Amino acid sequence: MIKAVMVMNTQGKSRLAKFYEYLSVEKQQELIRGVFSVLCSRAENVSNFIDAESIFGQDSRLVYKHFATLYFVFVFDSSENELAVLDLIQVFVETLDKCFQNVCELDIVFNYSKIHTILDEMVFGGQVVETSSSEIMKAVEEISKCFLSPFLLSCVKMHVDDVRFSTFALFLI
Amino acid sequence: MDAKSYAICFKPSSSALKRSNTTRNWYRVAKLEQLKTIGRELTKGSQGGFYQSKEFLDLVKSIGEARSKAEEDRIVLSEIETLKRRISEPDIPKRKMKEYIIRLVYVEMLGHDASFGYIHAVKMIHDDSLLVKRTGYLAVTLFLNEDHDLIILIVNTIQKDLKSDNYLVVCAALNAVCKLINEETIPAVLPQIVELLAHPKEAVRKKAIMALHRFYQKSPSSVSHLVSNFRKRLCDNDPGVMGATLCPLFDLITNDVNSYKDLVISFVSILKQVAERRLPKAYDYHQMPAPFIQIKLLKILALLGSSDKQASENMYTVVGDIFRKCDSSSNIGNAVLYECICCVSSIYPNPKLLESAADAISRFLKSDSHNLKYMGIDALGRLIKISPEIAEQHQLAVIDCLEDPDDTLKRKTFELLYKMTKSTNVEVIVDRMIDYMNSINDNHYKTEIASRCVELAEQFAPSNQWFIQTMNKVFEHAGDLVNIKVAHNLMRLIAEGFGEDDDTADSQLRSSAVESYLHILGEPKLPSVFLQVICWVLGEYGTADGKYSASYITGKLCDVAEAYSNDETVKAYAVTALMKIYAFEIAAGRKVDMLPECHSLMEEFLASHSTDLQQRAYELQAVIGLDAHAVESILPSDASCEDIEVDKALSFLNDYIQEAIEKGAQPYIPESERTGMLNISNFRNQDHHEASSHGLRFEAYELPKQTVQARIPPASLASTELVPVPEPMYPRESYQTTTVPSVSSDAASTELKLRLDGVQKRWGRQTHFPSTSTSNSTSLKTVNGITQVDGSNTANSRTRETYDSRKQVEISPEKQKLAASLFGGPSKTEKKSATGHKSSKPSSHMVKSHAPKSSMEVASEKTSVQQPPDLLDFGEPTVKSTAPSLDPFKDLEGLLEPTTQVSSAVNHSSTAAVTKSPDIMGLYTETTAGAHHKDSDILSGLSNPPMTNMVGGTTTMQVAQSSKGPNLKDSLEKDALVRQMGVTPSSQNPNLFKDILG
C-alpha cells in the first residue's frame, strides 16, 4: 500500500502532500521535513531508494525521483515493488507533462486541485488503480469538461470584451 | 514573479514576455523559464475547470518568494486572517467559496491550522454542482480524519452521492469513502458500495473494489461476507478492474493462503494471457504488456506457491516465459524480473528457474545503475536461502556495494551480510558493521545495527575475548541506543558462562571481562548502560580471581560514582557493587577497611535525595557491620544466577496470624470478596451496556405512512433492493446484536431500547430478516477472525521453511564439491551448516531421520560432560575430541517437541532484529545462546559425527581455522574479505545451527 505521496522543491517547500493514512498537520510537517533532510543529503547518481523506517516507522520504503527543481516522493510498504513505484512516478510526471505541456514547478503550485485530481485517478485509497497516463488524462479531461459548462456560461455572461478570455475559452473547448 | 505577471501570462507571444522582462527589472532571471511556461500554459487554457483567481496566485507567489520560514509564516498567517474574515461573510458566490477552500487546503499543506474552515468544506459537498462538490470532497478528504466530529454530517451526503446518476459524482464520493469512513460508519455505505460493483462504468467498479478493500483493511469482519465479490470481479470484462481486484486479493491471500489455492490456475492463466500480450495495447507500458498487473500477479503467485509443490508446478512454465520475455533494458522490465526472482525464491524450487533467477541477479549486480544493484542485493538475499552457492560468484560485487558511497545500498548490503554470517566470517562482518555504525548519525539505524551486532556476536563469537571486546565496542559507541535487555543479557552471559559445567572457561571469561572493563574505565564519557554493566561485573567478579585487590576495585567504583554523579542508576549500581566487594572480603575472613573516598561517598549517599540510593547506602553500612557467616548468607559469592525462592503465600506468618485471630482480630478478606468492589463492577457493566446501545443509524427514516406497509411487505421487496449481494443483511444484524444486551440492563438503557424499538418498526425491513441468517453471518465473522490470526505468519512460514530444507537436500552434494574446491577448510563448516539447516526444520520426514541420530547425540553428550574442561580454549588447537558440546535442553526439545522448535526457528529467521524473544523459555534461551556460541566455534573445526558422518579431518580443519584467525584480524584487504564473506553458502540462517547442535 502507498502511504504517502509528496512533491517538494529543492528548497524543501512542499508542493503537494497526500497521506493515505490520516496524520495530524504537525506530524505531516514533521515527516515532510524529515524526508527533505534525507533527500537533500543524497548525492547525485545514487539509487532512488531510501530506507524510510527511521521516518515513517516499521515496514516503509521511500522512492524518490528528482526532476529539475522538484522531488517526487512515494512512500509505501513491502507490498509494492521499488522499481515499479519508480515507474509509477514516471507515469505521474508523464501525465502532468501531458496535462501542462512541459510541466514545471509553477504548474503544480498553481493547479493544486488539478494535481490532486490526477493523483486520485492514479492512486486510490493507497492502492494503484491506473498506470496508463493516457487513461488518466482521459478521466481528468472528463472531469474538466463537466467543470467547463458552467464556467463557459459565466465567461459568456461576462461580456467577452477581452481578448484574453476569448482565447482562453477557445482553448478550453 | 510579481503581481503583474499573471496578466502578462495571458499574452500569447513569448516575445511580449521577454519585452516585459527587460523593461521590468524585478524579474529574476532564474524564474524566467518558469514564468514562460506558466504563461504558455495559461494562454493555452490547460487550467480547464481548475481555474484559480488572481488572489490565490498572488498568495502562492509571495510565499514562493519568501526568503525565510518566518516570512512565509507571516504571509500565511495574514492569509488565514483574511480567509477567516471572508469565509464567514454571508452569501458568498459558490465560485468564490470554492477558491477560499482551495486556499485553505494550501495553507494547511504548509503546516498551518485551517480548522476554522472545515465546516465550510463540509457544506460544499452538499452542493449540486459537481465542480463545487468535488472541491468540497477534496478538501474534506485532506482535512478530516475518519474519527472527526464532522464526519457525521458527511455520511448522509456520501450515501446520496453514491446513488447519483452521474458517475463522476459517484467517483468523488467513493474517494471520500476510502478516507473518511470508519468502522462504525461502514454499514451506512456498504450496501451502495456493493451495488456499485456492478456499475456499467469500469472506473466506478474499480473504485468500488478499492473502497471495499479499504473497508477490509479497516475492519476485516465488516466485509468478510463480501469476499466472494472480489473473486467475481477477477473475471470482470475490463482488465483494469481485474487488475484492481488483485490488490484486495493480495491482502486476503497474505492473511489466509489456503482458502485461495483454487485460484492458482486462474492467476496463472491470467498471467499467461498478459505475458502473451492478449490485453489491449492501451495497457502496455514501455513495450511491456501490463507490467503492473504482472507484478501484482507474481506477488500473489509467490504467496500461493510457497510451501506448495503442486501449486508451484503450475507456475513454472509461465514464470519461465516471463523470465525470457522480460526486457531487461527498461526499468519496468527489471521490476518484473525482480518480482520473478522473488516469486522463484518463494515457491517450491525449480532448478531451471533458479538458474534464470541467478542469471538475472548477476545482471542486476553487474549493472551500473545503483537501483539495479540494490535490487540485485535484495534478490540475492532472498535466493541464498535456497541456493546458497550463488553468493560466491558475486563476492566482488557485494564488496563493491559495501564500499559504495550510496547509503541505501550499503545498508542493504549489510542486511545481506547479516543473513550470510556464520562462525568463519563473523569477525569481519561484525567489525565492518561496527565501523559503519560509528560513521552514521541516524539513531534509528544505529540502534538496529547495534542489535544485529549483538545478535551475531552472541551466536557466532569465536572466542570469549572477542565476544567481550565486541560487546564493549558496541556499548561504547551505541550504548545509549542499545536496549537495556542487551545489557542484562551480557551480564547474565558473563555470570552464567556459556551454559556448561566448565568453570575454568567461565572464570577466564570473567577475568577477561574485568580486565577489559578496568581498562575502558579510563576513557571519558561512557554511556550509562555500559557503566551499569561495568559496575555490576566489577562488583560481582572484580576480586574473584585474586588479581586485583579489593581496594583497587573499590577505588575504581568510587571514581565511577563520582565521575557520573548525575546518573542515579549508575551510582546505585556502583554502591551495590561496593557492597558486594566488601561482603566477599568479609566472607573470606579478610579485614575490611574502607577507602576515605568511599567513606565520603557513603556519607553523601546516606543523605541523598534519592531514596533508592539512600537505602543502598544504609544496606552497605549494615552489611559491613555483620559477621562473616551472616554476610555470606546475605550475599553469597557468584550466586547471581541462582533462583531466590519467594514464598508468595507468606506461610511463615501463619503462626503470627493464628495468634492474632485467637486474640480476636478480624480475618483478612480478599479484595475480590469485599462488597464495595462488587458495586463498582456493577456500575461498570451498566456503563458498558449503555455504551453499546448507543449505535448510530445511518439509514434514512421512511415516511411515517409507510410504517404499516413496511411491517408487512414480503421478503422479496427487501431482496430486490439489494440486488447483487447474496448476503445483504449486514447492517441490521449489527444493530440487533447491540440492542439485545441493552434489554437486560437498567432504566437508562431501557429508555434507549424503547426508542430504538420504535425506529425498528418504522424501518420495517429489518424485522423481516430471519434470525438464522444473523447467527450465520456472525459465526462466519468469528471464523474469519480466527483464520486471520493464525493463518498469516506461523503456518505459512513454517511450511515454507520445510521447503527450503528439502531443497537443501537436493543441492548439497554439488555445493559441497564447489565449496570444498574453492575454499578448502571452511567448506566443511559450510556443508555442516547446510546440513544443520536441513535437519533443523523438522518437516515430517526429517523428524524420522533425526530421531536415531539425536539419541546418539544424547549419548555423546554424556561423554562430553566428562571431557576435560578445556573445550572453551579456542586459541589452542588442542581441541581434538570429536564430542560436540551439546545443550541437553535443546536435544530433548528436538526429540520430544519438534513443533516448538520449528516455531522458534521461524521466529529467528523472520525477525532478525529481535535477539531473544522474551517468552517462557526466556531463562534458558540465554543458556542455549551461550552454548550455541561455543558450539559454532568448535563446529568450525570439528564436524558433528551424528549429523554428517564426516568425522575425519577434524584436527586439520582446526589448524586451518586457527591459522586463518589472525589473518582475518590483521588484514581487511579486499581479497581477504572476499574469502571471508564469499564463503557463505548456507549460513543464511545461522540460528538454525542451534536446533541440532545445541
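What you are looking at is a predicted structure, and each value in this text was computed from that prediction instead of being measured. (Residues numbered from 1 in each chain as written. Chains lettered and ligands numbered in written order. Predicted model: local features only at pLDDT ≥ 70, side-chain atom pairs only at ≥ 80, totals over all residues. Heavy atoms only, no water.)

## Considering the sheet that holds strand β4 (residues 61-67) of chain A
All names here are of chain A.
Here comes step 1: Strands sit in the order β2-β1-β5-β4-β3 across an open sheet of 5 strands; the sheet is antiparallel. Of all the strands in the sheet, the pair left with one neighbour each is β2 (14-19) and β3 (49-51). Strand-to-strand twist across the sheet, computed as the mean angle between neighbouring axes with direction ignored, equals 15 degrees.
Here comes step 2: One ladder, built from 3 bridges, connects β3 with β4; its direction is antiparallel. Bridged to Phe 49 within β4 is Val 63. (Pairing = 2+ DSSP bridges. Helix = DSSP H or I, 4+ residues; strand = E, 2+ residues; numbered from the N terminus. Axes fitted to C-alpha atoms, helices over the stretch in contact; angles between N-to-C directions.)

## Here's the deal with helix α20 (residues 370-383) of chain B
Here comes step 1: Taking 1.5 Å per residue, 14 residues should reach 20 Å; α20 of chain B reaches 20 Å between its end C-alpha atoms and fits that length.
Here comes step 2: Taking the backbone nitrogen of Asn 371 of chain B as reference, a side-chain oxygen 3.1 Å away marks Ser 369 of chain B as the first, capping residue of α20 of chain B. (Expected span 1.5 Å × (residues − 1). Polar contact = N/O pair within 3.5 Å; in protein donor to acceptor, adjacent residues only side chain to side chain.)

## As for the confidence of the model for chain B
All names here are of chain B.
Here comes step 1: The share of residues in chain B with pLDDT of 70 or more is 62%, and the mean pLDDT across the chain is 70.
Here comes step 2: Scored below 50 in pLDDT, residues 982-998 shows 82 contacts in the model against residues more than four places distant or in partner chains.
Here comes step 3: In the model output, the complex is listed with pTM 0.64 alongside ipTM 0.86. (pLDDT = per-residue confidence, 0-100. Contact = heavy atoms within 4.5 Å.)

## Describing the environment of Ser 115 of chain B
Residue and element names in this part refer to chain B.
Here comes step 1: Within the secondary structure, Ser 115 sits in the loop between α6 (94-109) and α7 (118-124).
Here comes step 2: We classify Ser 115 as partly exposed; its relative accessible area is 34%.
Here comes step 3: Along the sequence, Ser 115 and Leu 104 sit 11 residues apart, while their C-alpha atoms lie 8.9 Å from each other. (Buried < 20%, exposed > 50% of the residue type's maximum accessible area, 1.4 Å probe, protein only.)

## Quick look at the interface of chain B and chain A
Here comes step 1: Taken together, the 87 residues of chain B in the interface contact 74 residues of chain A.
Here comes step 2: Across the chain B to chain A interface the summed buried area is about 7300 Å²; carbon plus sulfur atoms make up 60%.
Here comes step 3: The interface formed by chain B and chain A contains 5 salt bridges.
Here comes step 4: As a salt-bridge pair, Glu 21 of chain A and Arg 214 of chain B come within 3.9 Å of each other at their nearest N and O atoms.
Here comes step 5: If you look at where chain B meets chain A, you find 21 residue pairs in polar contact (both at pLDDT 80 or more).
Here comes step 6: Among the residues making up the side of chain B that touches chain A, the classes are represented as 43 nonpolar, 23 polar and 21 charged. (Buried area = accessible area lost by both parts, 1.4 Å probe. Salt bridge = Lys/Arg side-chain N within 4 Å of Asp/Glu carboxyl O. Nonpolar A, V, L, I, M, F, W, Y, C, P; charged D, E, K, R; others polar.)

## Thoughts on a negative patch on the surface
Residues and elements named next belong to chain B.
Here comes step 1: A surface patch of like charges, here negative, comprises Asp 559, Glu 562, Glu 597 and Glu 604.
Here comes step 2: Of all the elements in the fold, those that place two or more residues in the negative patch are α30 (550-563) and α32 (596-606).
Here comes step 3: Among the structural elements, Glu 562 can be located in helix α30.
Here comes step 4: Since its relative accessible area comes to 43%, Glu 562 is described here as partly exposed. (Patch = residues over 30% accessible without salt bridge, like charges linked within 9 Å, V, L, I, M, F, W, Y side chains within 5 Å. Areas by Shrake-Rupley, 256 points an atom, 1.4 Å probe, with all protein chains shown as cover. Lys, Arg positive; Asp, Glu negative; His and termini not counted. Charge placed at Lys NZ, Arg CZ, Asp CG, Glu CD.)

## A short note on the pattern of salt bridges
Residue and element names in this part refer to chain B.
Here comes step 1: For the structure on display, the rule yields 39 salt bridges over all chains.
Here comes step 2: A salt bridge links Glu 276 to Lys 272; the shortest N-O distance between them is 3.9 Å.
Here comes step 3: You can call Glu 276 partly exposed: its relative accessible area is 32%.
Here comes step 4: Taking the shortest distance from any N to any O, the salt bridge between Arg 452 and Glu 448 comes out at 3.6 Å. Here Arg 452 pairs with Glu 448, and both are found in helix α25 (residues 443-460), just 4 residues apart, close to one helical turn.
Here comes step 5: What makes Arg 452 buried here is its relative accessible area of 8%.
Here comes step 6: Overlapping salt bridges, with partners in common, bring together Asp 378, Arg 382, Lys 412 and Glu 415 in one network.

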